[in-house]
Structure formats: structure tokens, C-alpha cells
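Coordinate analysis (summary)
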Amino acid sequence: MTASGEMTRVGFEDREAARQVAFARLANTHLDSAYRLATFILAGDHAEAEDAVQDAALRAWEHFDDLRDVTRFEAWFTRIVVNACRDRIGARRLRLIGTTDGEGGVAPDQVGQLVDADALTRALLTLSPEHRVVVALRYLGDHSIAEIGARTGERTGTVRSRLHYALRALRAAIDAEMREVSR
Amino acid sequence: MNDEQLEHQVRQAVRQFANRPAPESLRRRVGAIPAMRPTPARPAAWIGRVRWLMAAAASLTTVIVATAIVVVTLSRGSAVPTATGSPSAVPSGAPASPTPGSAAPQSATPATRALGWTLVMRTGSGASLLQDGDTVAGALSFSGGYLLAGNAGNGQNAVIWQSPDGVTWHRIESAPDFASSQLRALVPVPDGVLALGTSSSLDPLCPGGEGTTCNPVNPIRLWISSDGSSWQRLPDSATAVFGRAQLGPVAAGPGGVVLFGWHMPVDSNLAAEPVEWTSHDGRTWQEQSQFATAFPLGVVEGLVAGRDGFSAVGRNTGLGSPHAPGTAWFSPDGRTWTAARVPSSTDDQTSVLAGDAGMLAAGSIGSGRVLWASPDGRSWTSVDPASVPFAASDTGPLLVSDGAEIIAIGAERAGAAGVWATSNATSWTAVASSGPVPPIPTAAGSTIGALGPLGVVMAATANTAGGMSTSVWVGAISSDLRTSPAPTESPMSASTAVPACASTQLAITAVDSGGGLGTVGGWLRFLNASDATCSLHGWPSLIGVTASGTTTVATQNQSGLLTFPAITGVPTVTLNPGEAAFAAYAGGDNPVGSATTCPPAYHTLQVTPPGATQAVSVSAWNYWLNAYTPACVGLEVTMVIPASTVPELEPLRP
């Protein structure tokens, strides 16, 4: 790796080019995790996830100047991705069925997946999108409650309560399956 | 079930459900966003921030630009000098003045404007990453890095080389049945990457090999990987659909993967028939019969997924005839093919590449090359050799594409090496290069490459009187679009007439990791991968970098580490091309004093050879410990010593 000292020593006369390269590299680095997050929030709809991440990247680039601390890119970008997913759900681009609280859940073309999935996966996909957001940030991204708050724009109390509710629902689903098996 | 067990199950289920990496198409689209939509520059205070930002970007990511010597500016929005009809539109080294406001049409403007070239691997005495006899058959930009597929030794063993960043490379030979297989190609699939190859052995129907009456076939084998490093072979039941077939070209598009081949009858008096298979995921395959029915003599030699569908090029004379007029086919869905309109030509077209706004097909005959261009793959026209900026010969240029642009790496007609880019296959833009542009083998040899978000990877195999040699180059899309003149490496050591090795001359790897008595480390190997003799004298600079980017500078060890030999004085090690020198390094795995834990381990080591200025990053994974190099007591590094004095390093593993 070129040491950061090398990078700074050379200098960048072409400011726009430097911004472009910096953004492209940061986005490239965090693309896999953003895509996985969007895939989960959007209940496994890969095409929607791809569009959401692309929307998010576009928004991020348009507001790249607002990011004051580049070491916070991941948190900043994740928040934009979460919002892009919310927009997609809000715009009813997913025709929603199987919701638990009216906020939306599984898209029709994911129903096939559900039939084959185990109880836990089925339960995960029938969580509301807002609950999937916190579950994904907690278990895909390994973020703390405070970190999840920073990435969702929610207060920590809200995050904690959503996580609690989600885990309770998931535990109920697993318990139900175990009862089913032992019957 | 307690909370911990519940969380464990949820974590597993969530990760299992969302386990795919970002598709290459998304990576490409996101990578193109800054170039497609320049935001208005905010002039105030940018320069200082950008410098800092770039430093942070470099430390946050594993992206490498190992050289920093680019001189030409082709800034966004400036008039892009097209190289049509001009051997060298922008001579390397001559700054072009940007003219803001005169934007060129976006569709015809390739994004790549500067590449920083590094020789990353080369066969030669003692090389372990790329060993004598290794050949590379397939290249792919994957998950932000690169993959190469090839064969080792006498071509009987499959090898994958994987790099997350173009600079750190891993050699993978331990996948299922690699020891009895040969690899031919790599192609992206929805949940990772597919490697296509064959068994090294002939099928039992024709065990004696090529005879007068028997067509030998090496049965097709497939492997899939989600990350490029761990590979699973698909079972024989999944590849039974291929039957007795010979592999042809493969391409992946939005609708899935398309593979061409030939059914080989056992009786060699019978003609081989073209065959096509398609797959959505690379795992299950369906034979498609329309092409074979419509074009029974069709020989598909090149295949690409373009904007509107798949384009195939080749000839229409059956598998037996080596040279024939070229032809082309087009399919919107990869299943139904029609003949494309083609100009008359003297030779078959063997490769086809797609740009954003046009496609390029290439074939070669004698010492010349036949080029065609097409806006869409449905209708092709001849390209006048005088209208392209490069000399189009049977060996060059190497053409690579990522679906958005096509890059040519070759030589000007005057002979100087150069790089050019196009997105419409018609108007070419010179691409500035820092570092030496890799030479394309001119005699018997082959080159293969791929283009991705980081830039170009290129593997060249040359057959010379001295034997076969393979080298792998990376051309990183340079962050340094305009810089001051090249930073020079430190002056050579006064005690020798041989210049100090520059970082770009060396392939640096960490080898033979080990440990004991609270010390864990290994050896740094400095292989002269250049064509020139150079020397190393003294201690390399070594910096341990943790996953979060925390850095630790190693202290210079004077007394010896690990199995470091007793050496008096500080030797100057002269390295002829292909020779290696070594230095030992170590960290500690016992907490210091009353501490019970250690700081986070080092994930990478930044190595700067003595006398050089540029650091190279290598993985700090310790195979002996099966963990990253522990950071309990910092790092130490020894002086560089000749290979002859180093105890036998076995196994010389990565």
C-alpha cells in the first residue's frame, strides 16, 4: 500500500479529480456491506437492493461536500442507504404482503423463498422494515445500540425497544417451530 | 434458549440470508457516478481538505496506487483529445491544459485517464507466488479486486491468484480437484464467481489421446466461490449436461451466463458441432439448440455481454478450418441468435469487447490485425488501421473492457508503449501512464487482462529461447491525475555502483511465518521482478497496520530474530532479475506486564525497501499461528540479507 504520506506529499492540483477518486474508493470499500444491508431490509429483493444502493451512492456523491470527517463515511453512507431503502418501501415499489404492523414486509416474489425457509428466516422476513433495519445493523454490521442510532437517526431508546421487540418475535417463531417439531 | 443462543441464531440467519457481495454491475455503476455527475466544485479551502481526505481514503481502504508519477491532466469537463488519426494525441509527460466548460459527449468519454503500472508478480528463480511454468488463462475484476485463473507447472494443476487490491496477491491451489484440473476462464455469477476448466485427464472413451479416429476430450469441470478465495467444485451431476464437449468462450450478462463449446463425437471422422449452454446462477445449466440449428458451422471464438444483449464473433466454416472470413452473431437474450451484418474480411474474429456506446471485435492474420467496430453488435464496420492510435499487430494491443469502456495496451506505430481508452470503439483517448507500460510479448506469447474499478490487471506469457516466462502487471487508476515530476527514489548506496531497488522493481511478500517463545513473525521477501539489476542495503521500513488503521512503526532489530543467521556488518545485497533477498520481522503474542490482553493485531504490513520511498502492503496473516500478527509488544525488523544466508524457508508459503 502506498503510505498515506506518499499520497499527501504528491498533492492534488486537480481538486475535482481528487474528490472523484476519494469518493469512488470509499464507496467501493463499503459497497458490499451496503448491498447486504439493503438486501436484508428489502427482504431479499436483490434488484430493489441494487437500485437502493445506487440511489444512495448518488445521493452520497451529491452531498459529499457535507461530509466533514471522512473517517465517518461508513456511518454517513449507511444512514443514506437505510433512508434509500425506506424510500423504496414507502413508495410502495414493493407490493407488500404478510406485514406484522402495516409497515410492510415481504414482496410477492419472495414468497417462494419463504416456503422453503426455516422458521427463523420466515420470521425475519415478516418483521417490519424498521425492525429489519435495526436487526440488520445489529447482526450484519455488528453495531452497538448507539451506533445503530447514528445510522438510523433514531434515539437509542427507540433502537433498544425495536431490537427488543424484534428478538421477542424471533424467539416466539423459533419456540413455535420447536413445539411443532416435538408434537 | 438463552439470549446469547438466540442472538447467535439470528446473526447466522441474517448473514445467511444476505450473503451476496455487491454485483459487479452495481459496483461499476457506483464507480461511474462521480465521473458521470460532476458536482460543482467548491473552490474555497478544498486543496487542504482534499489532501487530508485522500490520506484518509488511502488508510481507510485497501486500494493501492503504488506509483505516483503521472503527469498528464485530462480533467473532467475538459475537451478530451481523441487520438483518432493521430499516433499520440497526448504525449506522456506533456501537461495538457484543461479548458473548463467544453464538455465532451459523456457517452464517448472513457473514464480512465491515468494508470499507474506496477509489476506485481513474475516467474523466476525461487518465486513462490508465480512459479516457473505457471500460465494464466483467465482474468476477472471481482469484488473490487482481481482474480486470475491459470495452470501450474506442466499445465496439469489449476491455480487461482486472488488479490483484494491489485498489490497483495494470494496463490490458491488447495481447492477441490485443482490438483487434477486445468482452468480456462472466470466469469461473475450472482452469488460470486464461476471458474471454468476441465479435468487434466482425457475421458475414458478416448484414453489414448488424439489419434486418427478418436477425438479426445477433457471433461468440463466448474467451481464456484463467493469470495474468490474459497472454492467449491460443482458435482459431476451438475456438469453432466456438457457431455463430451470442448470449452469455448463464456460471458455473463444481465440474463445470466452464456457458454459456447463444441460437442465432440468420439469418431474423429465426424464433425464437431457447436453447442450453447445458459445458466442463471452458474450452477444449473441448460443446453440451447437454436444457435447450432441455425449455424451448424458456426465457430464462436469471442463472446461479450453488451448493453443490448450478447455479441459473438468467430467464423462460419466449422471447427476444422483455422482461417476463414470472420462473422458475428447477436442475441438479445443469449438464447436466440441472428447473424449480424459484417464487412468482408480475410480472417475470423477472435475477440469482442463492449464499451458503453460501442463494441470492438478483433481478429488477426499474419502479422496484422483485423478490427471491426459496431454501435450495438448488430451491424459491424471495418476499422481503418490508420485511424487507431496504436499499431494493430497479431500480438497487440491487449484489449480489455468492463462494459463501459475498452482499453488498449500496446505500442504506437512509432514503437513506444502506450495506453488508450474508448467507450464507443471509434474515438480513442490517450491514457497517461506512470511507471513503465508493460510490454506486450511480440513473438510467441499471449496476454490476457481484465478491467475493473481499480484499473487493469494484465498477465503476459512470453515464449523465448530461454523458456516461458509469465508476468502480471496492475495498472491502477491513478488518483494523481496531475502531479509534480516523478518523485525519485533515494540515491543509490555509496558503496555500490548498482542502484538501489525501487519499490516498483520488487515483488514483496511475507513468507514462512512462524513463532515461538512469545515471538511471532516471519520473513519479508524482496524479489527483483524487474529487468534491471538493483541492490538493497540496510533495514526496510516496516509499519504494522491494524484493522482500524492504527499504525505501529517497527524498530530496527540489531541482534537477530527467529532463525536469523549470524552476520557481521550490514551487507549490500545485489539482486539480479529474478533473485530475492530477505529480512525477518516479528511481533509478540504475550501480553506485557500485568496486562491480560493485547492491542488489536496487525492486519497488514506496510513495507518500504531500504533506499526506496514507496511502501507496499502485504498481509500480516501468520499461517503458523492461524491469526493476524499479534501486537502485544510492537514490531521489530532486521536488515536485508542475501537469500544464500537465509536458513531454508520451508514451506515457502504465503
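Residues numbered from 1 in each chain as written. Chains lettered and ligands numbered in written order. Predicted model: local features only at pLDDT ≥ 70, side-chain atom pairs only at ≥ 80, totals over all residues. Heavy atoms only, no water.

A word on the packing of aromatic side chains. Applying the stated criterion across every chain yields a total of 22 aromatic pairs over all chains. With 5.2 Å between their ring centres and 45 degrees between their planes, Phe291(B) and Phe295(B) make a pair best called tilted. Its relative accessible area of 0% is what places Phe291(B) among the buried residues. Owing to a relative accessible area of 12%, Phe295(B) belongs among the buried residues under this scheme. What links up through ring pairs into an aromatic cluster is the set Phe23(A), Trp61(A), Phe64(A), Phe73(A), Trp76(A) and Phe77(A). (Phe/Tyr/Trp six-rings, centres within 6.5 Å; stacked < 30°, edge-to-face > 60°. Buried < 20%, exposed > 50% of the residue type's maximum accessible area, 1.4 Å probe, protein only.)

Across soluble globular proteins, you tend to see nonpolar side chains buried next to one another. Grouped together as the largest cluster of nonpolar side chains are 62 residues, with contacts concentrated most on Phe40(A), Phe64(A), Leu124(A), Val135(A) and Val10(B). With 9 residues, helix α5 (residues 73-90) of chain A is the single largest residue contributor to this core. Discounting chain neighbours no more than four positions away, the residues touching Val10(B) are Leu120(A), Leu124(A), Val135(A), Tyr139(A), Leu167(A) and Leu170(A). In this structure, Ile407(B), Ala529(B), Ala583(B) and Leu635(B) belong to the second largest nonpolar core, which totals 54 residues. (Core = buried A, V, L, I, M, F, W, Y, C linked by side-chain atoms within 4.5 Å. Helix = DSSP H or I, 4+ residues; strand = E, 2+ residues; numbered from the N terminus. Contact = heavy atoms within 4.5 Å.)

Moving on to the side chain of Arg27(B). Topologically, Arg27(B) is positioned in helix α2 (residues 24-36). Judged by its relative accessible area of 2%, Arg27(B) is buried. Here the side chain of Arg27(B) touches Asn28(A) through a polar contact of 2.6 Å, side chain to side chain. (Polar contact = N/O pair within 3.5 Å; in protein donor to acceptor, adjacent residues only side chain to side chain.)

A word on the state of the cysteines. All names here are of chain B. The full count for this structure, using the stated rule, is 2 disulfides over all chains. Note on cysteine connectivity: Cys-501 is disulfide-linked to Cys-534, with sulfurs 2.0 Å apart. Given an S-S torsion of about 90 degrees, the disulfide between Cys-501 and Cys-534 has right-handed geometry. In this pair, Cys-501 is assigned in the loop between β28 (467-477) and β29 (506-516) and Cys-534 in strand β31 (residues 534-537), connecting sequence segments 33 residues apart. Accessibility assignment for this pair places Cys-501 and Cys-534 in one class, buried. The residue that forms a disulfide with Cys-598 is Cys-632, at a sulfur-sulfur distance of 2.0 Å. Judged by the torsion about the S-S bond (100 degrees), the Cys-598/Cys-632 disulfide is right-handed. Residue Cys-598 is located in the loop between β36 (580-588) and β37 (602-608), and its partner Cys-632 is located in the loop between β40 (627-628) and β41 (635-637); the two are separated by 34 residues in the primary sequence. You can call Cys-632 buried: its relative accessible area is 12%. (Disulfide = S-S within 2.5 Å.)

This part takes up the packing of helix α8 (residues 129-139) of chain A against helix α1 (residues 3-17) of chain B. Contact geometry of α8(A) with α1(B) gives a least axis separation of 10 Å together with a crossing angle of 100 degrees. In terms of axis orientation, α8(A) runs roughly perpendicular to α1(B). Mapping the contact onto sequence places Val135(A), Arg138(A) and Tyr139(A) in α8(A) and Glu7(B), Val10(B), Arg11(B), Val14(B) and Arg15(B) in α1(B). A breakdown of the residues in the contact of α8(A) with α1(B) according to their chemical character gives 4 nonpolar, no polar and 4 charged. (Axes fitted to C-alpha atoms, helices over the stretch in contact; angles between N-to-C directions. Parallel < 35°, antiparallel > 145°, perpendicular 65-115°, else oblique. Nonpolar A, V, L, I, M, F, W, Y, C, P; charged D, E, K, R; others polar.)

Here we take up the packing of helix α3 (residues 31-41) of chain A against α5(A). Residues and elements named next belong to chain A. It is the contact of α3 with α5, at a shortest axis distance of 10 Å, that shows an interaxial angle of 30 degrees. Viewed along their axes, α3 and α5 adopt a mutual orientation that is roughly parallel. In this structure, α3 meets α5 at a crossing whose hand is right-handed. Of the residues in α5, those in contact with Ala-34, Leu-37, Ala-38 and Ile-41 of α3 are Phe-77, Thr-78, Val-81, Val-82, Cys-85 and Ile-89. Looking at the contact of α3 with α5, its residues break down into 9 nonpolar, 1 polar and no charged. (Left-handed = near helix turned anticlockwise from the far one by under 90°.)

Taken by themselves, the reported measurements are silent on function.
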